[in-house]
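Here is what each chain is made of, one letter per residue.
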Amino acid sequence: MRLATKAVHSGIEHDPPFRPLSAPIFQTSTFVWDEMDHEADPMYTRYGNPSRRSVEIALAELENAKDALFLSSGMAAIATVCSMLRPGDHVLCQRDVYGGTWKLLSKYIAQMGIDVTFADSSNTEAFSNHLRDNTKLVWIETPTNPTMRIVDIRACAHAAHSVGAVVVADNTFASPVFQNPLDLSCDVVMHSATKYLNGHSDVIGGALMWRDERFTVFLDYLKSAGNNPSPFDCWLMRRGIKTLELRVRKQAENAQAIAEFLATHPRIESVHYPGLESDPGHQLAKSQMNGFGGMLSFVVEDGANAAKNAANKLKLIKIAASLGGVESIIGYPPVMSHAMLSENERRQRGILPGLLRLSVGIENVDDLIEDLDQALS
Ligand SMILES: *Cc1c(COP(=O)(O)O)cnc(C)c1O
């Protein structure tokens, strides 16, 4: 089956006696045993729940994986990957990662006797020079947040495997529609399912997908750590996934038109969108993605106040943290996704004072462009 079909049908059972077309919510904390020596399966909702399983089956199929885990948030998914680390291990993480990933690794993982290196991944050879014999985990994220740079997934995976490290790709920005890192040799794919997978800005959730059996240990960790989602959130997530392909293709089409509009606007200094032919990541993106996604960022001339004023003047596009929903939202990285970095650390990553990040929704693109135009005038 192709992705759009899997998104609608995978993991949805039509069990008797009522045979529902849409999967019901199993809003229960526990399950009844037939008798003492015959354990119920699932047994307890932290361990497993049919509403969660229906999401996991779909998640695995969307990323061409063998299995998947659906967790309470994207950060819960990242923390679960880190459960495989031991004191003395080394982690190589891409410098331009989601602010929460940076904080978890640099503060909490580093204080457990694990060495963490953050390195620029725009040049894979330079990035690979930071690999060590004890590197256990290599973390990449592409396109990057918020400057939309493209990282060479195949080359990073190849380098990581040369020292026996596990390579994990945060595929949140691309969504499984536009990029499948397992097909590009990554070991594990992680998503903040809060974003494109759910797509309706009403659930927090995280996903891990893998092919190799050894990663089923993540389920064992989830059972111990208790970072499971609620049945209701699972049900909303499974419903959101049904329209994934329709939504993200429309979002990418709108983003392309908006990027082209902004690229010629006199008040815009630069636009970061891999779908623009002039973008430094355009060719690499074409070689590993099936589309360029619905995220873009741009630098407003005259810096921070000009950027904030423009955002404040938007009427249709709302100011909010997060991304990937059907509603267009605009963010200012220094006070949102990258607030935990210093001014200098932001500058190193190309997060200039005038940079705004736009998550493009499914609205009519003319309405979005008119809103941006009036806000910039
Ligand atoms: C939002 C986000 C996360 C964290 O996910 P939550 O669901 O908010 O916990 C991780 N990575 C990326 C790229 C994100 O955008």
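Here, the structure is the one placed above.
Residues numbered from 1 in each chain as written. Predicted model: local features only at pLDDT ≥ 70, side-chain atom pairs only at ≥ 80, totals over all residues. Heavy atoms only, no water.

Peer 1: Is there a simple way to explain the site of the ligand in this structure?
Peer 2: Near the ligand lie 14 residues; those nearest to it are Met 75, Asp 170, Ser 192, Thr 194 and Lys 195. Within the backbone of Gly 74, one N or O atom sits 2.9 Å away from an oxygen atom of the ligand. Between the ligand and the protein, one listed contact pairs a nitrogen atom with a side-chain N or O atom of Asp 170 at 2.7 Å. Protein contacts shield 93% of the accessible area of the ligand, which totals 380 Å² for the unbound molecule. (Near = heavy atom within 4 Å. Polar contact = N/O pair within 3.5 Å; in protein donor to acceptor, adjacent residues only side chain to side chain. Areas by Shrake-Rupley, 256 points an atom, 1.4 Å probe, with all protein chains shown as cover.)

Peer 1: Any chance you could explain the packing of aromatic side chains here in plain terms?
Peer 2: Following the criterion strictly, the structure yields five aromatic pairs and no others. A ring pair is formed by Tyr 44 and Tyr 47, whose centres lie 6.3 Å apart and whose planes are at 70 degrees; its orientation type is edge-to-face. Taking the relative accessible area as the measure of exposure, Tyr 44 reaches 36% and is therefore partly exposed. With a relative accessible area of 36%, Tyr 47 lands in the partly exposed category. Considering the side-chain rings of Phe 215 and Phe 218, the 5.6 Å spacing of their centres and the 25 degrees angle between planes classify their relative orientation as stacked. Comparing Phe 215 with Phe 218, the two get one shared label, buried. Each residue in the set Trp 210, Phe 215 and Phe 218 is aromatic and connected to the rest through ring pairs, giving one cluster. (Phe/Tyr/Trp six-rings, centres within 6.5 Å; stacked < 30°, edge-to-face > 60°. Buried < 20%, exposed > 50% of the residue type's maximum accessible area, 1.4 Å probe, protein only.)

Peer 1: How do you make sense of the pattern of salt bridges when you look at a structure like this?
Peer 2: Should the charged atoms of two oppositely charged side chains come close, the side chains can pair. All told, the structure shown has 13 salt bridges when counted by the stated rule. With a shortest N-O distance of 2.8 Å, Arg 249 and Glu 245 are connected by a salt bridge. Residue Arg 249 and its partner Glu 245 are both found in helix α10 (residues 244–263); the two are separated by four residues, about one turn of the helix. What makes Glu 245 buried here is its relative accessible area of 19%. Across the salt bridge formed by Lys 250 and Glu 253, the nearest N and O atoms sit 4.0 Å from each other. Separated by three residues within a single helix, Lys 250 and Glu 253 lie in helix α10, roughly one turn from each other. One continuous salt-bridge network, built from bridges that share partners, spans Arg 52, Arg 53, Glu 56 and Asp 67. (Salt bridge = Lys/Arg side-chain N within 4 Å of Asp/Glu carboxyl O. Helix = DSSP H or I, 4+ residues; strand = E, 2+ residues; numbered from the N terminus.)

Peer 1: Sorry if this is basic, but what is going on with the sheet that holds strand β1 (residues 67–71) here?
Peer 2: Sheets are built from strands paired through backbone hydrogen bonds, the pairs being either parallel or antiparallel. What the seven strands build is an open sheet, ordered β1-β7-β6-β5-β4-β2-β3; its pairing is mixed. Two strands bound the open sheet, and with one partner strand each, they are β1 and β3 (115–119). Taken over all neighbouring pairs, the strand axes of this sheet differ in orientation by 20 degrees on average, direction set aside. The pairing of strand β6 (residues 188–192) with strand β7 (residues 206–210) spans five bridges and is antiparallel. Following the sheet pairing, Met 190 is matched in β7 by Leu 208. Strand contacts of helix α2 (residues 50–62): β1 and β7, with the helix running at about 130 degrees to β1, the strand carrying the most contacts. (Pairing = 2+ DSSP bridges. Axes fitted to C-alpha atoms, helices over the stretch in contact; angles between N-to-C directions. Contact = heavy atoms within 4.5 Å.)

Peer 1: Help me understand the sheet that holds strand β12 (residues 355–359), please; the structure alone is not making it clear to me.
Peer 2: With mixed pairing, five strands are arranged side by side in an open sheet as β8-β9-β12-β11-β10. Edge strands, defined here as strands with exactly one partner in the open sheet, are β8 (268–272) and β10 (318–319). When β10 meets strand β11 (residues 329–331), the two strands line up parallel, connected through two bridges. Directly across from Lys 318, in β11, lies its bridge partner Ile 329. Taken strand by strand, α10 contacts β8, β9 (295–300) and β12, and its axis lies near 15 degrees from that of β9.

Peer 1: Help me understand the side chain of Gln 179 in this model?
Peer 2: Tracing the backbone through its elements, the reader meets Gln 179 in the loop between α7 (175–178) and β6. Polar contacts involving the side chain of Gln 179 include one to the main-chain carbonyl oxygen of Thr 142, which spans 3.0 Å. Non-local contacts of Gln 179, meaning those with residues more than four positions away in its chain, are made with Glu 63, Thr 142, Ile 153, Asn 171, Ala 174, Gln 288, Met 289 and Asn 290.

Peer 1: Teacher, can you tell me more about the packing of α10 against helix α14 (residues 365–376) here?
Peer 2: Helix packing for two helices is described by the angle between their axes and how far apart those axes are. At a minimum axis separation of 10 Å, α10 and α14 run at an interaxial angle of 30 degrees. The orientation of α10 with respect to α14, classified from their angle, is roughly parallel. Crossing of α10 against α14: the hand is right-handed. Of α14, the residues touching α10 (which contributes Asn 254, Ala 257, Ile 258, Phe 261 and Leu 262) are Val 365, Leu 368, Ile 369, Leu 372, Asp 373 and Leu 376. (Parallel < 35°, antiparallel > 145°, perpendicular 65-115°, else oblique. Left-handed = near helix turned anticlockwise from the far one by under 90°.)

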